[in-house]
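A structural walkthrough
Listed below, chain by chain, are the residues.
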Amino acid sequence: MARDPKVTPITRHEPRTFYGTRVTRTDHGEMWDLWSVDDGRRVGFLSVVDDGHVVYALASVRRSTNHDEVADLVEGLFTASSTDAVHREMVISDYDQEPAILESDLHAE
């Protein structure tokens, strides 16, 4: 059976402590919400942009989330066979309090 493209692939970290669900996808990037396996609470987000030369990944996760597991997730989503990029750069930051989500209209009326 084919893998659901909105759910993260199996990583090398077993048992996994979180999983991801894709929020959106464009031609050059994806945005993922990351969720705790234990209690289903959101543990962060992952944003990935692939410009064809470099895969850039930015993750912000709740403190104590395993950074190696986040890196493994990015490597599983953007494998060498899935991109023309030759480099991968990742930035993973921690937070203690849930970040605020700010929204605004792009076109003011």
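Structural data are supplied above this passage.
Calculation notes
- Residues numbered from 1 in each chain as written.
- Predicted model: local features only at pLDDT ≥ 70, side-chain atom pairs only at ≥ 80, totals over all residues.
- Heavy atoms only, no water.
- Core = buried A, V, L, I, M, F, W, Y, C linked by side-chain atoms within 4.5 Å.
- Buried < 20%, exposed > 50% of the residue type's maximum accessible area, 1.4 Å probe, protein only.
- Helix = DSSP H or I, 4+ residues; strand = E, 2+ residues; numbered from the N terminus.
- Pairing = 2+ DSSP bridges.
- Axes fitted to C-alpha atoms, helices over the stretch in contact; angles between N-to-C directions.
- Salt bridge = Lys/Arg side-chain N within 4 Å of Asp/Glu carboxyl O.
- Contact = heavy atoms within 4.5 Å.
- Polar contact = N/O pair within 3.5 Å; in protein donor to acceptor, adjacent residues only side chain to side chain.

Attention now goes to the nonpolar core. One finds F18, L34, L46, V48, L73 and L77 to be the most contacted residues of the largest nonpolar core, which totals 16 residues. When contributions to this core are tallied by element, the ones reaching two or more residues are β2 (29–36), β3 (42–50), β4 (54–62) and α1 (67–77).

Sheet architecture is open: five strands sit in the order β1-β2-β3-β4-β5, paired in mixed fashion. For this open sheet the edge positions go to β1 (18–25) and β5 (87–95), each flanked by a neighbour on one side alone. Averaged over all pairs of adjacent strands, the angle between strand axes in this sheet comes to 20 degrees, irrespective of strand direction. With seven bridges joining them, β2 and β3 adopt antiparallel strand pairing.

The backbone of S64 shows a phi angle near 85 degrees, a positive value even though the residue is not glycine. Summarising the element assignment, S64 is placed in the loop between β4 and α1. Take S64: its relative accessible area is 72%, and that puts it in the exposed class.

A few words now on the pattern of salt bridges. Pairs can form between side chains of opposite charge once their charged atoms are near each other. In total, this model carries seven salt bridges according to the counting rule given. Here R22 makes a salt bridge to E30, at a shortest N to O gap of 3.5 Å. Using a relative accessible area of 10% as the deciding quantity, one classes E30 as buried. One salt bridge connects R25 with E30, and the closest N-O pair in it is separated by 3.3 Å. Relative accessible area serves as the criterion here: at 54%, R25 is assigned to the exposed category. Here the residues in one salt-bridge network are D33, R42, R62 and E98, joined through shared partners.

It is worth spelling out α1 at this point. Inspection of α1 places E69, V70, A71, D72, L73, V74 and L77 among the buried residues, and these make up the whole buried set. At its buried positions, α1 is contacted by β1, β2, β3, β4 and β5. One side-chain oxygen of the residue at the start of α1 lies 2.7 Å from the amide nitrogen of D68, identifying that residue as N66.

Here we take up the side chain of T83. Looking at the element boundaries, T83 is found in the loop between α1 and β5. Accessibility expressed as a relative area gives 13% for T83, which makes it buried. Here D50 takes part through its side chain, which lies 2.5 Å from a polar atom of the side chain of T83. Separated by 2.9 Å, the side chain of T83 and the backbone nitrogen of A85 make a polar contact. Beyond its immediate stretch of four places on either side in the chain, T83 contacts D50 and V55.

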